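# Fold and contact review
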Amino acid sequence: RHPNYSGEMLLWTASLFAAIACAAIEGSLVTSGGWLLASVLGAIGINFVLVQATTGLEKRQAEKYGDPGNPENAKYKEWVESSWKGVTFPPKPAASSAEGSESKPEASP
(Lines give C-alpha, C1' and ligand atoms only; values in the text may rest on other atoms or scores of the structure.)
Protein backbone atom coordinates (compact mmCIF):
# COMPACT_ATOMS: atom_id res chain seq x y z
CA ARG A 1 0.00 0.00 0.00
CA HIS A 2 2.98 2.29 0.47
CA PRO A 3 5.55 1.32 -2.16
CA ASN A 4 7.37 4.65 -1.94
CA TYR A 5 8.09 4.17 1.78
CA SER A 6 9.11 0.54 1.27
CA GLY A 7 11.37 1.51 -1.62
CA GLU A 8 13.03 4.24 0.43
CA MET A 9 13.67 1.80 3.29
CA LEU A 10 15.18 -0.70 0.89
CA LEU A 11 17.34 1.96 -0.76
CA TRP A 12 18.76 3.35 2.50
CA THR A 13 19.36 -0.09 3.99
CA ALA A 14 21.09 -1.31 0.81
CA SER A 15 23.23 1.83 0.82
CA LEU A 16 24.34 1.04 4.36
CA PHE A 17 25.26 -2.53 3.43
CA ALA A 18 27.12 -1.28 0.36
CA ALA A 19 29.17 1.09 2.54
CA ILE A 20 30.01 -1.72 4.95
CA ALA A 21 30.95 -4.05 2.08
CA CYS A 22 33.20 -1.43 0.46
CA ALA A 23 34.97 -0.76 3.75
CA ALA A 24 35.41 -4.50 4.34
CA ILE A 25 36.81 -5.08 0.84
CA GLU A 26 39.27 -2.21 1.26
CA GLY A 27 40.25 -3.54 4.68
CA SER A 28 39.44 -0.22 6.27
CA LEU A 29 36.63 -1.14 8.65
CA VAL A 30 38.59 0.33 11.56
CA THR A 31 39.80 3.48 9.83
CA SER A 32 36.36 4.10 8.34
CA GLY A 33 34.65 3.48 11.66
CA GLY A 34 33.39 7.06 12.05
CA TRP A 35 31.87 7.14 8.60
CA LEU A 36 30.35 3.69 9.06
CA LEU A 37 28.85 4.74 12.39
CA ALA A 38 27.35 7.80 10.71
CA SER A 39 25.94 5.53 7.98
CA VAL A 40 24.42 3.17 10.54
CA LEU A 41 22.86 6.02 12.51
CA GLY A 42 21.57 7.63 9.33
CA ALA A 43 19.98 4.40 8.10
CA ILE A 44 18.39 3.77 11.50
CA GLY A 45 17.11 7.35 11.63
CA ILE A 46 15.59 7.46 8.15
CA ASN A 47 14.04 4.02 8.58
CA PHE A 48 12.52 5.12 11.88
CA VAL A 49 10.99 8.17 10.20
CA LEU A 50 9.64 6.08 7.32
CA VAL A 51 8.14 3.43 9.64
CA GLN A 52 6.55 6.20 11.68
CA ALA A 53 5.11 7.76 8.50
CA THR A 54 3.76 4.40 7.31
CA THR A 55 2.15 3.74 10.69
CA GLY A 56 0.50 7.17 10.73
CA LEU A 57 -0.76 6.84 7.16
CA GLU A 58 -2.23 3.40 7.89
CA LYS A 59 -4.07 4.87 10.88
CA ARG A 60 -5.43 7.85 8.92
CA GLN A 61 -6.58 5.64 6.05
CA ALA A 62 -8.32 3.25 8.44
CA GLU A 63 -10.12 6.18 10.09
CA LYS A 64 -11.19 7.65 6.75
CA TYR A 65 -12.08 4.50 4.79
CA GLY A 66 -12.52 1.79 7.42
CA ASP A 67 -16.19 2.42 8.25
CA PRO A 68 -17.87 -0.96 7.66
CA GLY A 69 -21.30 0.68 7.41
CA ASN A 70 -20.38 2.46 4.19
CA PRO A 71 -20.76 0.14 1.15
CA GLU A 72 -18.08 2.04 -0.78
CA ASN A 73 -15.56 1.06 1.87
CA ALA A 74 -15.88 -2.64 0.99
CA LYS A 75 -13.38 -2.01 -1.82
CA TYR A 76 -10.97 -0.50 0.70
CA LYS A 77 -11.30 -3.54 2.95
CA GLU A 78 -10.59 -5.88 0.01
CA TRP A 79 -7.57 -3.79 -0.96
CA VAL A 80 -6.23 -3.82 2.62
CA GLU A 81 -6.61 -7.59 2.85
CA SER A 82 -4.91 -8.21 -0.50
CA SER A 83 -1.94 -5.84 -0.18
CA TRP A 84 1.15 -5.57 1.97
CA LYS A 85 1.07 -2.57 4.29
CA GLY A 86 4.81 -2.27 4.62
CA VAL A 87 6.79 -2.00 7.82
CA THR A 88 4.86 -0.41 10.67
CA PHE A 89 5.11 -0.09 14.41
CA PRO A 90 2.83 -2.38 16.42
CA PRO A 91 -0.45 -0.73 17.39
CA LYS A 92 -0.52 1.08 20.69
CA PRO A 93 -2.62 -0.60 23.37
CA ALA A 94 -5.98 1.06 23.82
CA ALA A 95 -6.21 3.19 26.93
CA SER A 96 -8.80 1.81 29.29
CA SER A 97 -11.66 4.13 30.14
CA ALA A 98 -11.26 3.29 33.81
CA GLU A 99 -7.93 5.16 33.95
CA GLY A 100 -9.36 8.44 32.74
CA SER A 101 -12.53 8.28 34.81
CA GLU A 102 -10.99 7.99 38.25
CA SER A 103 -12.62 10.50 40.49
CA LYS A 104 -10.65 12.54 42.92
CA PRO A 105 -11.96 13.06 46.39
CA GLU A 106 -13.61 16.42 46.79
CA ALA A 107 -12.20 18.85 49.28
CA SER A 108 -14.38 19.34 52.33
CA PRO A 109 -15.61 22.89 53.02
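Computed from a prediction, not measured in an experiment: that's the story for all the values here. (Residues numbered from 1 in each chain as written. Predicted model: local features only at pLDDT ≥ 70, side-chain atom pairs only at ≥ 80, totals over all residues. Heavy atoms only, no water.)

## Considerations on the packing of helix 2 (residues 33–65) against helix 3 (residues 73–82)
- It is at 10 Å that the axes of helix 2 and helix 3 come closest, and there the two elements cross at 150°. What the angle tells us is that helix 2 and helix 3 run roughly antiparallel. Facing Q61, A62 and Y65 of helix 2, the residues of helix 3 in contact are N73, Y76 and W79.
- When its residues are assigned to classes, the contact of helix 2 with helix 3 shows four nonpolar, two polar and no charged. (Axes fitted to C-alpha atoms, helices over the stretch in contact; angles between N-to-C directions. Helix = DSSP H or I, 4+ residues; strand = E, 2+ residues; numbered from the N terminus. Parallel < 35°, antiparallel > 145°, perpendicular 65-115°, else oblique. Contact = heavy atoms within 4.5 Å. Nonpolar A, V, L, I, M, F, W, Y, C, P; charged D, E, K, R; others polar.)

## Re the pattern of salt bridges
- Within this structure, the stated rule accounts for one salt bridge.
- Across the pair R1 and E58 runs a salt bridge, and its minimum N-O distance is 2.9 Å. Residue R1 is located in the segment before helix 1 (3–26), and its partner E58 is located in helix 2; the two are separated by 57 residues in the primary sequence.
- The exposure class assigned to R1 is buried, which follows from its relative accessible area of 18%. (Salt bridge = Lys/Arg side-chain N within 4 Å of Asp/Glu carboxyl O. Buried < 20%, exposed > 50% of the residue type's maximum accessible area, 1.4 Å probe, protein only.)

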